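Fold and contact review
Residues per chain, in single letters:
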Amino acid sequence: MTWQRKLNDALGRYTGVRFERVTPTRPGDSPGGPAGPVESPPRPPADPAHDRLLSAPVFILSPVRSGSTLLRAMLDAHPELHAPHELHVRRLSVGFGTSLARRAMEELGHNQADLEHLLWDRVLHRELTRSGKRYVVDKTPANAFAYQRIATCWPDARFVFLLRHPASIAASWHEAGAGRRTPEEAAADALRYMKAVHRARKALDGLTVRYEELTADPERVTREICAFLDVPWAPEMLAYGTPGVIRKGLGD
């Protein structure tokens, strides 16, 4: 117990007065006061027809350095599939500026997770509509750690699991680090991602694709992917390389 707390307890016993720390307010906190942190359990959309603009988004769940950039480039070449750079939408969060704002949203039936899902959906929908295509594809590897949240946000999401030999992943991750990680650290990172993808594969329905098969027989594998996504196969997928595809620093 600190001396400040002892002094405060003594004041309370002998004078009936105690000091309490006041949480600093921010602009907009009055009159409802600051909202403070709140736990919001993720839940499916209450009214999918109004809560979601996206239809059947596609998520590639894969470890790092497993060929996800190659696969997204091939899918993006399809006239109905838009596969931009890694989007990391699951890292976008919202907060309540005041307790009144929280109460107002709760009155509408929204908790914090609901509002985050609305934001994620709107960002992906905007990206898709600007492309003029039919379905959006997100290949952010870190999504493997949030597969439950993604499946909750979009109950109609489709999942493609991209796998590669573990030794190749670890070696590629080490080489890509340019001295930032040892071979042992690269292997540990690779294992962490592979375990996350394994958990997702056990929990979710989806199509499993292997990098080695994709590179050995790209037409056969891309045909399988198109059949799974219920879109016609497009030969453009085999001629995917264009200067605008790669976004360095964003997973490519």
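Above this text is the structure in question.
Description of the structure in this document.

Scoring rules and cut-offs
Residues numbered from 1 in each chain as written. Predicted model: local features only at pLDDT ≥ 70, side-chain atom pairs only at ≥ 80, totals over all residues. Heavy atoms only, no water. Helix = DSSP H or I, 4+ residues; strand = E, 2+ residues; numbered from the N terminus. Buried < 20%, exposed > 50% of the residue type's maximum accessible area, 1.4 Å probe, protein only. Contact = heavy atoms within 4.5 Å. Core = buried A, V, L, I, M, F, W, Y, C linked by side-chain atoms within 4.5 Å. Phe/Tyr/Trp six-rings, centres within 6.5 Å; stacked < 30°, edge-to-face > 60°. Lys NZ or Arg CZ within 6 Å of the ring centre and 35° of its normal. Polar contact = N/O pair within 3.5 Å; in protein donor to acceptor, adjacent residues only side chain to side chain. Pairing = 2+ DSSP bridges. Axes fitted to C-alpha atoms, helices over the stretch in contact; angles between N-to-C directions. Parallel < 35°, antiparallel > 145°, perpendicular 65-115°, else oblique. Left-handed = near helix turned anticlockwise from the far one by under 90°. Nonpolar A, V, L, I, M, F, W, Y, C, P; charged D, E, K, R; others polar.

**Let's talk about unusual backbone geometry**
One non-glycine residue, His88, adopts positive backbone phi at about 55°. The residue His88 is located in the loop between strand 2 (81–82) and helix 4 (99–107) in this model. At Asp230, a position not held by glycine, the phi torsion is positive, near 60°. Positionally, Asp230 belongs in the segment after helix 10 (218–229). Judged by its relative accessible area of 62%, Asp230 falls in the exposed class.

**A closer look at the side chain of Asn143**
Secondary-structure assignment places Asn143 in the loop between strand 3 (135–138) and helix 6 (147–153). Leaving out residues up to four positions away in the same chain, Asn143 has contacts with Phe59, Leu61, Arg90, Asp138 and Ile150.

**Regarding the nonpolar core**
Considering soluble globular proteins, one finds that nonpolar side chains tend to be buried as a cluster. Core analysis: the largest hydrophobic core is formed by 22 residues, its most contacted members being Ile60, Leu71, Leu75, Val137, Val209 and Ile225. Where this core is concerned, the elements lending two or more residues are strand 1 (58–61), helix 3 (68–76), strand 3, strand 4 (158–163), strand 5 (207–210) and helix 10. For Ile60, the contacting residues outside a window of four places in its chain are Leu71, Leu75, Val137, Asp138, Lys139, Thr140, Val160 and Leu162. Of all hydrophobic cores here, the second largest spans 17 residues; its members include Val136, Cys153, Phe159 and Leu204.

**A short note on the packing of aromatic side chains**
Summed over the entire model, instances satisfying the criterion amount to three aromatic pairs. Centroid distance Phe145 to Tyr193: 4.9 Å. Interplanar angle 70°. Geometry classified as edge-to-face. Of this pair, Phe145 sits in the loop between strand 3 and helix 6 while Tyr193 sits in helix 8 (residues 183–203), and the two are 48 residues apart along the sequence. With relative accessibility at 12%, the residue Tyr193 sits in the buried group. Here a set of aromatic residues connected by ring pairs shows up, and it is made of Phe59, Trp154 and Phe159. In this structure, Arg223 packs its charged tip against the face of Trp233, placed 4.0 Å from the ring centre.

**Some points on helix 4**
Sitting at the head of helix 4, Thr98 places a side-chain oxygen 3.3 Å from the backbone nitrogen of Leu100. Looking at the residues trailing helix 4, positive phi occurs at Gly109, about 95°.

**Focus on the sheet that holds strand 2**
In space, the five strands of this open sheet follow the order 2-3-1-4-5, with parallel pairing throughout. The strands lining the two open edges of the sheet, one partner per strand, are strand 2 and strand 5. Summarising the sheet, strand 2 and strand 3 pair through two bridges and their orientation is parallel. Residue pairing in the sheet places His82 in a bridge with Val136 of strand 3. Here helix 8 sits on the sheet in contact with strand 1, strand 4 and strand 5, set at roughly 140° to strand 4.

**Digging into helix 3**
In terms of residue burial, helix 3 counts as a mostly covered element, since eight of its nine residues are buried. Three or more residues of helix 3 are buried, namely Ser68, Thr69, Leu71, Arg72, Ala73, Met74, Leu75 and Asp76. Buried residues along helix 3 sit in contact with strand 1, strand 2, strand 3, strand 4, helix 9 (211–216) and helix 10.

**Notes on the packing of helix 7 (residues 166–176) against helix 8**
At their nearest, the axes of helix 7 and helix 8 sit 8 Å apart, and the two run at 125° to each other. It follows from the interaxial angle that helix 7 and helix 8 lie oblique. Here helix 7 and helix 8 pass one another in a crossing that is right-handed. Here Pro166, Ile169, Ala170, Trp173 and His174 of helix 7 come into contact with helix 8, specifically with Pro183, Ala186, Ala187, Asp189, Ala190 and Met194. Of the residues that constitute the contact of helix 7 with helix 8, the class distribution is nine nonpolar, one polar and one charged.

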